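# Breakdown of the fold
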Amino acid sequence: MSALVRSIGSVSTTAIGLGGMGLSIEKRPSRDIAISVIHDALDAGCRHLDTAWAYYMSGGQEQHNEMLIREALESWKGPREEVFVATKAGHFRNFTDGVPTWDVNGAPEALIRYGKQSAQALGVDAIDLLYFHRPDPKVPYNESIEGMKALYDEGVAKKIGISNASIEQIDIARSILGDALVAVQNQLSPIYTQSLDTVEYTKKLGLAFVSWSPLGGFRKPKDETKYDAFKRIAVMREVGYQQIVLAWELAMGEHMFVLPGAHRSQTILDSMKADQITLTEQEITQLNEVL
Ligand SMILES: NC(=O)c1ccc[n+]([C@@H]2O[C@H](COP(=O)([O-])OP(=O)(O)OC[C@H]3O[C@@H](n4cnc5c(N)ncnc54)[C@H](OP(=O)(O)O)[C@@H]3O)[C@@H](O)[C@H]2O)c1
């Protein structure tokens, strides 16, 4: 069966992308396993990889995931030119007292530096899609977006996205970037539905909505009761409930993309089957009870 393909701006790619974070931060698998997870996803038809400058797990390893993806693509036997790689600039990690945390730097000059480093690590002249990773409270949003625009104008990025953005921030980004802005990557899952306003707003504007931690993530304990309705439908359909979660998100509109993460091939290969599931209106109504 062929994978579901949708448009981000003028480019088509698979609606289900592999989220690379778990392959490079704390609790990551060995490099060999990480490469095989990426290869197995690509072999199964995934053409959308999501990474970030900040996916690494200790000082000195910056851009670990971008370099991992480059290595995986270089050793993959399939058609590299079909693979859409998105990355993000603006986050970095702190390891004070050995405790890893996430920090932001949205200064335009920092974003320009990060963006160029990302292109270098990925081994490309121009990045397919470069997101501004997260608003920096110390920097006015329009100034950060001007930094992203400079990267677009210089040809470092073919298209720009924003992540962790509100409706107001989407409007600011559009006013500066115009058609160069093609995607909003926000958190969305049964345990995190606060972004539904941006799901609707991006649909209205014709922007892609790319869901991060679409299954609820692996880093924090979850309220499992939010998955009960998904589990009931999964039993009836004889699939894992994660496929129902992803199918529910994809059913929110033609502009929807999901980025399930995986530490092993089995989970991404299972998740990729979600685009073959068409939920009935009755099932969607039941699932929307979590909203
Ligand atoms: N823009 C942002 O600020 C931002 C923030 C966070 C994440 N992200 C993006 O979102 C991606 C995904 O996020 P995430 O990894 O936190 O969350 P996630 O995709 O919601 O959850 C990943 C977890 O779900 C499990 N899983 C995945 N597919 C499964 C399946 N079919 N059946 C059973 N278990 C399954 C994985 O298991 P295994 O561990 O067993 O493989 C992993 O533990 C990241 O890689 C990153 O690209 C972006």
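An account of the accompanying structure is given in this report. All figures in this text were calculated on a predicted structure; none of them were measured in a lab.

### Re the environment of A173
By the element assignment, A173 lies in helix 5 (residues 167-177). Residues A173 and I160, spaced 13 residues apart in sequence, show a C-alpha to C-alpha distance of 9.5 Å. Those residues in contact with A173 that lie beyond four places of it in its chain are Y141, I145, I162, G178 and L181.

### Concerning the layout of surface pockets
In this structure, the largest pocket spans a volume of roughly 1000 Å³. Forming the walls of the largest pocket are 40 residues, and the residues nearest its centre are M21, S213, G217, F218 and R219. Taken together, the elements giving at least two residues each to the lining of the largest pocket come down to strand 10 (181-187), helix 8 (241-250) and helix 9 (265-271). Per-element tally for the lining of the largest pocket: the top contributor is helix 9, with 5 residues. The residue makeup of the lining of the largest pocket, split by class, is 14 nonpolar, 18 polar and 8 charged.

### Considerations on the site of the ligand
By nearness alone, 29 residues border the ligand, and D50, G261, H263, R264 and T267 come closest of all. One of the side-chain nitrogen or oxygen atoms of Q185 is found 3.0 Å away from a nitrogen atom of the ligand. Within the backbone of G216, one N or O atom sits 3.1 Å away from an oxygen atom of the ligand. With respect to the detected pockets, the ligand is housed in the largest pocket. Looking at the shell around the ligand, the element that brings in the most residues is helix 9, giving 3 residues. A per-class count over the shell around the ligand returns 9 nonpolar, 14 polar and 6 charged.

### Let's talk about the nonpolar core
Ranked by size, the top nonpolar core spans 88 residues in total, and within it L18, I38, L49 and I162 carry the most contacts. Tallying contributions element by element places helix 8 first for this core, with 7 residues. I38 has contacts with L18, L23, L49, L68, I69 and A72, leaving out every residue within four places of it along the chain.

### Comments concerning empty space enclosed by the protein
Scanning the entire structure with this criterion turns up 2 cavities of 30 Å³ or more. Reported here for the largest cavity is a volume of approximately 60 Å³. Top element by residues in the lining of the largest cavity is helix 2 (residues 64-75). It accounts for 3 residues. Residue lining of the second largest cavity: I8, V11, F84, D128, L129, K159 and V182, and that is the complete set. Considering only residue class, the lining of the second largest cavity consists of 5 nonpolar, no polar and 2 charged.

Quick notes on the rules
Within any chain, residue numbers begin from 1 and follow the written order of that chain's sequence. The model is predicted, so local features are restricted to residues of pLDDT at least 70 and side-chain atom pairs to those at 80 or more, both for listing and for counting; the totals for chains, interfaces and linings are taken over all residues. Hydrogens and waters are ignored; side-chain quantities use all the structure's heavy atoms. The numbering of helices and of strands both runs from the N terminus, where a helix is a DSSP run of H or I of at least 4 residues and a strand a run of E of at least 2. Should any heavy atoms of two residues lie within 4.5 Å, those residues are counted as being in contact. Site definitions follow a grid-based scheme: protein atoms alone, a 1 Å grid, a 1.4 Å probe that fits but cannot get out for cavities, and for pockets an open set with protein on both sides within 12 Å along at least five of seven lines, plus lining residues having an atom within 4 Å of a point. Grid points are joined across faces, edges and corners, and a volume is the space filled by probe spheres set on the points. Just so you know the grouping, Ala, Val, Leu, Ile, Met, Phe, Trp, Tyr, Cys and Pro go in nonpolar, Asp, Glu, Lys and Arg go in charged, and all remaining residues, Gly too, go in polar. Any residue with a heavy atom lying within 4 Å of a molecule or strand is counted as near it. N or O atoms closer than or at 3.5 Å make up a polar contact, with two conditions inside protein: a donor-capable atom paired with an acceptor-capable one, and, for residues adjacent in sequence, both atoms drawn from side chains. Molecules are considered to sit inside a cavity or pocket once more than half of their atoms lie within 2 Å of its grid points. Side-chain atoms within 4.5 Å are what join buried Ala, Val, Leu, Ile, Met, Phe, Trp, Tyr and Cys residues into a set we call a nonpolar core. In this scheme, a residue with accessible area under 20% of its type's maximum is buried, one over 50% is exposed, and one in between is partly exposed, where area comes from a 1.4 Å probe on protein chains only.

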